[in-house]
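Fold and contact review
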Amino acid sequence: MAVFAQEESKNIVDLWGESAKTALGFFWKSGWAFVLGYMVSGAIQAFVPKKKLTSHMGQSNIKSVSLSTFFGSISSSCSFAALAAARSLFLKGAHFVSTVAFMFASTNLVIELGILIFIFLGWQFIVAEVIGGLILITISSILIKLTYPKKWIKEAREKVEEESAEEEDFDWKKRIKSKEGWFLVGKKFVMEWKMAWEDILIGFTIAGFVSVLVPQSFWEAIFLNGMQGELPDFVIRLENALVAPFVAAATFIGSMGNIPLATVLNENGILFAGLMGFIYSDLMVPPLVNMNRKYYGTRVAFYIAGIMYVSIVITALILNYNFDLLGVLPEGSRKVAEVTQFKIDYTFWFNIVFALFTALMLYFNFKTKEMDSGGGGHDHDHGDDGVSFKRIIVYAFALIVAVGLIIYLLF
């Protein structure tokens, strides 16, 4: 019995070390992508005057929704920042349909997410993400128009009108030629990291441990992966699309942190409908639903979540059937072990190059502190509820990974 207990303990220790190594591998593989994405995002936020765009979002027509989609796609990928920005647009007179379109675009069509999807899942999934994102926004816009709760939205607008923060207006041509403008890019870059690093750390750590500790049979049971032939294909695809958002919500992490976990699901044979439903459900996590509740009230928050859920399910099924019909259905060909391995390849050199860019951005951010005006901009509101608890969880996850790496290296 003593020998058996020792062997079992050794296996647990080995799994811990392997899980930590896999989590770090996810960080390593995507480090340069985050830097590139946040540099581009910082530049867009610094040089694109938002005030001129919001004046064209006051309708629910194709023009306003299209502009909101474009505006969202060039905004921050941080889910909390997306909701805060959407509230700001709603406050300034954007139509509710356009506001929701902005929410979806800013978390599903941003460049950072596309780069991560390319790294971990492949180019086919980028195509699916973009096409599906546009379908998702179209369906949600139609659903909102059909079910528009005028009284609820009126009350929600009255609720957010208590705030009066104004976006600055500026001449982007002058700013882009000034050193202060580029220093502001560094400030925005740092702000992006401050908003996203907790979700990234939690998400990548969960993905590392799930990929090692959770058996394939678990995912097969949840997503009916072994029921082909016993149940109609439509039933299995529908079940995958219906269940995936709840799995995403259970992770409590946003879009950037969810992509490594999507890689784990992909490796375990989850259907395309389920995988895309999982990726699109970043705004379904409880902290973000609660944030919408604080902004717009309980009824509107759950209304948004309901519209989101129905739109995600329909979009996932449309993508699955049409990609299958065209014979371009992506397959789970990328293995987690292959993605997370450490070797001298393009990832190694890209991480070195973008580490230098990070140093440059940090220098630019330091220079903004020396400027009197600060170049405009303000920190996004993440909501205060549960922040200290979340920080404890983050530190706990960091400690778990650190100890696991020591175990991996020494045993």
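Description of the structure in this document. (Residues numbered from 1 in each chain as written. Predicted model: local features only at pLDDT ≥ 70, side-chain atom pairs only at ≥ 80, totals over all residues. Heavy atoms only, no water.)

1. Some thoughts on the overall build of the chain
Across its full length, the chain carries 19 helices and zero strands. Looking at the chain residue by residue over its 411 residues, the buried ones come to 51%. Across the chain, contacts joining residues at least 24 apart in sequence account for 88% of those joining residues at least 6 apart. Accessible surface, the chain as shown: approximately 19,000 Å² in total, 66% of it carbon and sulfur. (Helix = DSSP H or I, 4+ residues; strand = E, 2+ residues; numbered from the N terminus. Buried < 20%, exposed > 50% of the residue type's maximum accessible area, 1.4 Å probe, protein only. Contact = heavy atoms within 4.5 Å. Areas by Shrake-Rupley, 256 points an atom, 1.4 Å probe, with all protein chains shown as cover.)

2. Here's the deal with the nonpolar core
In terms of nonpolar packing, the biggest core is built from 99 residues, with F96, W219, M276, F278 and Y296 touching the most fellow members. Sequence-distant contacts of F278, defined by excluding residues within four places in its chain, comprise A244, V247, A248, T251, N258, L261, A262 and L265. (Core = buried A, V, L, I, M, F, W, Y, C linked by side-chain atoms within 4.5 Å.)

3. Things to note about helix α6 (residues 111-120)
The buried fraction of α6 is high, at seven of 10 residues. Listing the buried residues of α6 in full gives E112, L113, I115, L116, I117, I119 and F120.

4. Quick look at unusual backbone geometry
Phi is positive for L224, which is not a glycine, with a value near 55°. In this structure, L224 sits in the loop between α11 (216-222) and α12 (233-251).

5. What about the pattern of salt bridges?
What the rule picks out here adds up to three salt bridges. Among the salt bridges present, the one from R299 reaches E155, with a minimum N-O distance of 2.5 Å. Here the residue R299 occupies a position in helix α16 (residues 298-326), and E155 occupies one in helix α8 (residues 150-160), the gap between them amounting to 144 residues. You can call E155 partly exposed: its relative accessible area is 33%. With a closest N to O distance of 2.7 Å, R237 and D324 form a salt bridge. Here R237 is found in helix α12, whereas its partner D324 is found in helix α16, with 87 residues between them in sequence. Looking at R237, the relative accessible area reads 12%, which means it is buried. (Salt bridge = Lys/Arg side-chain N within 4 Å of Asp/Glu carboxyl O.)

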